[in-house]
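Overview (structure and organization)
So you can see what is in the structure, the chains are spelled out below.
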Amino acid sequence: MRNLFRFIYRHNFFFLFLLLEALAIALTASYQHYHQSFFFNSANILTGRVYTVADNLGSYLSLRQENKLLAEENTHLLNMVKDNFLITDQDEFVKEDSLYRRRYHYMNARVINNSVNRRNNYFTLDKGRAQGIGPDMGVITTRGIAGLIVTASENFSVGMSLLHTDFQLSVMIKKDGNIGSLRWEGGNYRQAHMSYIPPHIELNRGDTVVTSGFSTIFPEGILIGTISDWEIRRGETFYTATVDLALDYNTLAEVYIVSNLLREEQQELEGSVIPGN
Amino acid sequence: MIGLRFRYALLFLVLVFLQVLVLNNVLLGSYLNPQVYVLFILILPVAIKGWFLLLISFVLGLSVDAFSDSLAIHAASSVFMAFCRPAVIRLVAGRIPDDGPLVPTISGFGGFTIIFYSLILIFLHHSLLFFLEIFRTDELMQTLTRIVLNSGFTLVFVFLGFALLEGFFRDRV
């Protein structure tokens, strides 16, 4: 036993290396349990504060552009206000009934940290559990999908960007409703790829791609981008289309967090039919 | 005169904040994200105790990880780099005599040796880092491109850092 200790002590450099490396790899490989391992991320008190201060300084530089985007959005919303429409059918009346059920709820938040140049990109938001934000909520902007909340602390939350290896999104071509799967394949952060488009579909440059309603996280019809190119890849039988993303992820600032209020019910029901879903 | 320990502590903070607040946010291209914080591991004293070298590198990597939402990939690569450091120093500079340079600097080691020394360690660090980031073997070419391009860019920044810090660490303790 003493010899063993002496051996370890003599080679302490090597054994300490093994120990620390194993610890680091274990922390990394516990990715599946990301929700539990939120001590070392940008949502904790110290790192969140630092990013808030840095963002406060940096946000002045983009005020003009932000104002322009907000004005555009205001115009868009004003156009949807009821007062803009003439009432044509005087016989119509409103009744309180159960015809409408709220399905999606929106909150706004600010991106205080963000990246686009890694293979797996994340962003940090300035709202957290205290404001009702939790894992698996969607993060969208007026120009597209930003990502998905993976973990939240009291006042901050971290989202997995669409620019991430593990982010796959069910999308459809707006004009004919054909469904495909969108994934960012690295490289240019302004382009992603939509796969599994049946080859009999006629594609055109400029076709709009929006979210399909198959996701339990994002509402249907959110703009993603436009198709710029397509091909049948070697060994595949479906088209893979290059999609120019409408959202510039490098200028992400104001976002909306969308929560699907009926998500659990849907998943529970689906889980009872398809085991392991 | 400020103590050497205090200087290293200061450099630690400056490099971590430079990395997470500036370099991680400056867009140099879709693939480029130089990891300049490794300069701290490179510039630690030559005769530093092995266990301390490993521990401080682990803490350094974990600090960067905490800000980058990258789990512990920077910690893993930094510890690996620290583990290789003594062997690489022996390789590029031979056995350092007792009256030799205490800190790896351009004047102490020579510019060529510093570049060679940094390049090997940066390449080892980046190889592990970018493979751990993607954690899969497809997209191999893309990962290799990332490793090579970023190693080059990090080296440029690190050499600039060595040049800037020349006076900061030169005087003997």
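Residues numbered from 1 in each chain as written. Chains lettered and ligands numbered in written order. Predicted model: local features only at pLDDT ≥ 70, side-chain atom pairs only at ≥ 80, totals over all residues. Heavy atoms only, no water.

The next thing to look at is the overall build of chain B. A tally of helices and strands in chain B yields eight helices and zero strands. From first element to last, N terminus to C terminus, chain B shows the α and β order α-α-α-α-α-α-α-α. Taking all 173 residues of chain B together, 54% fall into the buried category. Looking at chain B alone, contacts between residues at least 24 apart form 73% of all its contacts between residues at least 6 apart. Carbon and sulfur atoms provide 74% of the accessible area of chain B, an area that totals close to 7500 Å². (Helix = DSSP H or I, 4+ residues; strand = E, 2+ residues; numbered from the N terminus. Buried < 20%, exposed > 50% of the residue type's maximum accessible area, 1.4 Å probe, protein only. Contact = heavy atoms within 4.5 Å. Areas by Shrake-Rupley, 256 points an atom, 1.4 Å probe, with all protein chains shown as cover.)

Residue and element names in this part refer to chain A. Here we have six strands rolled up into a closed barrel, ordered E6-E7-E8-E11-E10-E9, and antiparallel in their pairing. Pairwise comparison of adjacent strand axes, ignoring direction, gives a mean angle of 40 degrees for this sheet. Inspection of the sheet shows strand E10 (residues 223–232) paired to strand E11 (residues 239–245) by seven bridges, in the antiparallel sense. Bridge pairing in E11 places Trp 230 opposite Ala 241. (Pairing = 2+ DSSP bridges. Axes fitted to C-alpha atoms, helices over the stretch in contact; angles between N-to-C directions.)

Attention now moves to the side chain of A:Ser259. Along the chain, A:Ser259 falls in strand E12 (residues 254–260). For A:Ser259, a relative accessible area of 11% translates into the label buried.

The subject of this paragraph is the sheet that holds strand E1 (residues 104–114) of chain A. Strand pairing in a sheet is mediated by backbone hydrogen bonds. Such pairs are either parallel or antiparallel. All names here are of chain A. Pairing within the closed barrel is antiparallel, and its six strands lie in the order E1-E2-E5-E4-E3-E12. Strand-to-strand twist across the sheet, computed as the mean angle between neighbouring axes with direction ignored, equals 45 degrees. Alignment of strand E3 (residues 138–141) against strand E4 (residues 144–152), held across four bridges, turns out to be antiparallel. Paired with Ile 140 across the bridge in E4 is Ile 145.

Facing the 43 residues of chain A at the interface are 44 residues of chain B. Roughly 3700 Å² is buried in total at the junction of chain A and chain B, and carbon and sulfur atoms are behind 63% of that figure. At the junction of chain A with chain B, the criterion picks out zero salt bridges. Applying the counting rule to chain A against chain B returns nine residue pairs in polar contact (both at pLDDT 80 or more). Those elements giving two or more residues to the side of chain A that touches chain B turn out to be helix H2 (12–29), helix H3 (45–58), E1 and strand E2 (122–125) of chain A. It is H2(A) that provides the largest number of residues to the side of chain A that touches chain B, a total of 13 residues. Split into classes, the residues belonging to the side of chain A that touches chain B amount to 20 nonpolar, 17 polar and six charged. (Buried area = accessible area lost by both parts, 1.4 Å probe. Salt bridge = Lys/Arg side-chain N within 4 Å of Asp/Glu carboxyl O. Polar contact = N/O pair within 3.5 Å; in protein donor to acceptor, adjacent residues only side chain to side chain. Nonpolar A, V, L, I, M, F, W, Y, C, P; charged D, E, K, R; others polar.)

Moving on: the confidence of the model for chain A. All names here are of chain A. In this model, chain A carries an average pLDDT of 82, and 85% of its residues clear a pLDDT of 70 or more. Helix H4 (residues 63–78) is the least confidently modelled element of chain A, averaging 76 in pLDDT, while E11 averages 94, the highest of any element. The low-confidence segment residues 89–97 (pLDDT under 50) makes zero contacts with residues lying over four places distant or belonging to another chain. (pLDDT = per-residue confidence, 0-100.)

Confidence in the prediction for chain B averages 87 pLDDT; 97% of positions are at 70 or higher. For chain B, per-element mean pLDDT is lowest for helix H8 (residues 166–170) of chain B, which scores 77, and highest for helix H2 (residues 39–43) of chain B, which scores 94.

This brings us to unusual backbone geometry. Generally, phi is negative for residues other than glycine and the peptide bonds are trans, each holding for most cases. Residues and elements named next belong to chain B. Positive phi is not limited to glycine here, since Asp 69 has a value of about 50 degrees. Along the chain, the position of Asp 69 falls in the loop between helix H3 (50–68) and helix H4 (73–93). For Asp 69, a relative accessible area of 2% puts it in the buried group. Of note, Leu 71 is a non-glycine position whose phi angle comes to about 55 degrees, a positive value. Mapped onto the secondary structure, Leu 71 falls in the loop between H3 and H4.

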